[in-house]
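One-letter residues, chain by chain:
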Amino acid sequence: MVGSNKSNMGKTKRSTDDLIDNAIAQQNDWMENRRTFARRFLKTLNIFARPNPDKNQAGNDNAGQPQKTQRSGLAAYWFPILCAVFVVLVAVWVAFFHHPNHTVVVVPPVAEPTERIVAETVEQVSVPTFDIVRIEPQGTVVVAGRWVANDSVSIVVNGEIVATERTDENGEFVYSPARAFAPGNYTFSLIGIRGNVKSEENVFVYISEQGYQNSVSLLMTDDGSTLLQAPTMLVDGDLVVSKIDYLDTGRIVVTGDSLPRLRVSLSLDDKYLGFARVSDYKHFGLGADVGDLKSGQEYKLTVRLHDGDGRTIAEVNHNFVMPEMTGDDDTYYTVRKGDCLWIIARNFLRRGVLFSIIAERNNIENPNLIFPNQNLQIPTGGTGK
């Protein structure tokens, strides 16, 4: 048993020595290969080296032995010289022949300071303008608009300045009086204090006796009117037809009362005939050609009241049987507040320029001066269609 164990241990020791020897041998081989590679690399680089003085001296000592021919100085440095020439050529090409395409970089706009933006906006405001004119349930009126920033603007009602407000940094202002307006008609305008600039647009406000629900607010411009606040509820009396005249010329004239500045339209048997605007005094008159109406036949006349969007908000229907014509060439009309001979002539005689005929028949010396409740004789005969 003892001998057997010693034999096995010896074998194990000899096997370990062999492994160590092999490892050392492999390491020596690797180092030798490394040295060989280094010598080859240095030998390759030696072509760029200057001649070794020691070797030249040794060559003089061995004068009797054949020597190799030494290369000149420029030939010894041919590679660096070639690189320098290449660099010079590239530099000349870049400086004189190369034209690069410049890249355009789009820089996003940088926001200007708030003060400058406000100033530029103000310069574009040439006159004061309205934004809203609203009638409140209590009968008060709220006015909002725009003018020069940090400046004053006056609110004018029926030609009189009632308040002066200060605009904010955005050029906006609000006027809201505490007192309620009495029922009636009001015209609002603006005056910018700087330069005494007046607004180009006005706002007509009608405050109804029935309350704000029947009131009207209209923005008046050169291009027409825009409804800012329409009546939300109408009552009896907001649209009334007071008189219907049928002339032997085949023309029908309807007069009545409604909410100021709104539009009324006329239809006969559902055939549209035209429209007219209600005056500031709530009166309207509308004339249209309907042709010959047959005596004894029933007709349906419809008058409609429209808001600023053209929607019908009130309607009056009048059914009548056409009576026999009397053959009288004249009819009569009672002047109402806000009437003028031009409009009366347009409704009855088709053309406003025929107002002189009415003036002559009624002995009116000044056609521009007629009075409410004045009874006018309208000569319809001989006017032709």
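Residues numbered from 1 in each chain as written. Predicted model: local features only at pLDDT ≥ 70, side-chain atom pairs only at ≥ 80, totals over all residues. Heavy atoms only, no water.

Enquirer: Looking at this structure, how should I read the sheet that holds strand β11 (residues 239-246)?
Expert: Strand pairing in a sheet takes place through backbone hydrogen bonds and is either antiparallel or parallel in direction. Spatial ordering of the open sheet is given by β11-β12-β15, a layout of three strands whose pairing is antiparallel. Among the strands making up the open sheet, the edge pair consists of β11 and β15 (283-289). When the angles between neighbouring strand axes are averaged without regard to direction, this sheet yields 20°. As defined by bridge partners, strand β12 (residues 251-258) adjoins β15 across seven bridges and the pair is classed as antiparallel. From the neighbouring strand, Gly-256 faces β15, where its bridge partner is Phe-284. Along the sheet, helix α6 (residues 341-349) makes contact with β11, β12 and β15, crossing β12 at roughly 135°. (Pairing = 2+ DSSP bridges. Helix = DSSP H or I, 4+ residues; strand = E, 2+ residues; numbered from the N terminus. Axes fitted to C-alpha atoms, helices over the stretch in contact; angles between N-to-C directions. Contact = heavy atoms within 4.5 Å.)

Enquirer: Hey, could you run me through the sheet that holds strand β1 (residues 129-135) in this one?
Expert: The strand order β1-β2-β5 describes an open sheet built from three strands, whose pairing is antiparallel. Only two strands of the sheet have a single partner each, and these edge strands are β1 and β5 (172-175). Taking the axes of each pair of neighbouring strands and ignoring which way they run, one obtains an average angle of 15° across the sheet. Bridge analysis of β1 against strand β2 (residues 141-146) gives six bridges, and the strand direction is antiparallel. Bridging from a neighbouring strand, Ile-132 pairs with Ala-144 of β2.

Enquirer: Would you mind going over the packing of aromatic side chains with me for this structure?
Expert: Geometry of an aromatic ring pair is reported as the spacing of the ring centres plus the angle between the planes. Summed over the entire model, instances satisfying the criterion amount to five aromatic pairs. Relative to Phe-355, the ring of Trp-342 lies with its centre 6.3 Å away and its plane at 35°, an arrangement referred to as tilted. With a gap of 13 residues between them, Trp-342 in helix α6 and Phe-355 in helix α7 (residues 355-361) connect regions that are remote in the sequence. Given a relative accessible area of 43%, Trp-342 falls into the partly exposed group. Using a relative accessible area of 25% as the deciding quantity, one classes Phe-355 as partly exposed. Taken together, the aromatic side chains of Phe-181, Tyr-186 and Phe-188 make up a single cluster linked through ring pairs. The side chain of Arg-179 reaches across the aromatic face of Phe-181, ending 4.7 Å from its centre. Looking at Arg-261, its charged tip hangs above the ring of Phe-204, at a distance of 4.1 Å from the centre. (Phe/Tyr/Trp six-rings, centres within 6.5 Å; stacked < 30°, edge-to-face > 60°. Buried < 20%, exposed > 50% of the residue type's maximum accessible area, 1.4 Å probe, protein only. Lys NZ or Arg CZ within 6 Å of the ring centre and 35° of its normal.)

Enquirer: Just to check I follow, could you spell out the pattern of salt bridges for this structure?
Expert: Oppositely charged side chains are able to pair whenever their charged atoms sit close together. Enumeration over the complete set of coordinates arrives at 10 salt bridges. Between Arg-35 and Glu-32 there is a salt bridge, with its nearest N and O atoms 2.8 Å apart. With a gap of three residues between them, Arg-35 and Glu-32 both fall in helix α1 (residues 2-45), about one helical turn apart. For Arg-35, a relative accessible area of 40% corresponds to the partly exposed category. Among the salt bridges present, the one from Lys-243 reaches Asp-245, with a minimum N-O distance of 3.6 Å. Among the residues examined, Lys-243 registers a relative accessible area of 30% and is labelled partly exposed. (Salt bridge = Lys/Arg side-chain N within 4 Å of Asp/Glu carboxyl O.)

Enquirer: Please clarify how the side chain of Ser-208 should be interpreted in this entry.
Expert: Counting through the fold element by element, Ser-208 comes out in strand β8 (residues 202-208). Residue classification places Ser-208 among the buried residues on the basis of a relative accessible area of 3%. One polar contact links Ser-208 to Gln-210, side chain to side chain, over a distance of 2.8 Å. When sequence neighbours within four positions are dropped, the list of residues in contact with Ser-208 reads Pro-183, Asn-214 and Ser-215. (Polar contact = N/O pair within 3.5 Å; in protein donor to acceptor, adjacent residues only side chain to side chain.)

Enquirer: In this structure, what is going on with the confidence of the model for the protein chain? I would like to understand it.
Expert: Low-confidence regions, as indicated by low pLDDT, have predicted coordinates that should not be scrutinised in detail. Looking at the protein chain, pLDDT values average 78 and 77% of them are 70 or higher. Here helix α5 (residues 114-124) is the element of the protein chain with the lowest mean pLDDT, 44, and strand β3 (residues 152-157) is the one with the highest, 93. Below a pLDDT of 50 lies the segment residues 1-12, which in the model reaches zero contacts outside its immediate sequence neighbourhood of four places, other chains included. With pLDDT under 50 throughout, residues 113-123 is counted as low confidence; its partners more than four residues away or in other chains account for six contacts. (pLDDT = per-residue confidence, 0-100.)

Enquirer: Explain α6 to me, please; I cannot follow it from the model alone.
Expert: Given 3.6 residues per helical turn, the α-helix brings residues three or four places apart onto the same face. When α6 is considered as a whole, its buried residues turn out to be Leu-341, Ile-344, Ala-345, Asn-347, Phe-348 and Leu-349. Burial along α6 is one-sided: seen end-on, the buried residues are contained in an arc of 165°. Taken from the residues just after α6, Arg-350 is the one with a positive phi, measuring 75°. (Arc of directions from axis to C-beta.)

Enquirer: When you look at the environment of Ala-230 in this model, what are you seeing that I'm missing?
Expert: For Ala-230, the location among the structural elements is in the loop between β10 (224-229) and β11. Residues Ala-230 and Ile-313, spaced 83 residues apart in sequence, show a C-alpha to C-alpha distance of 9.4 Å. With sequence-adjacent residues up to four places away left out, Ala-230 is seen in contact with Ser-215 and Asp-307.

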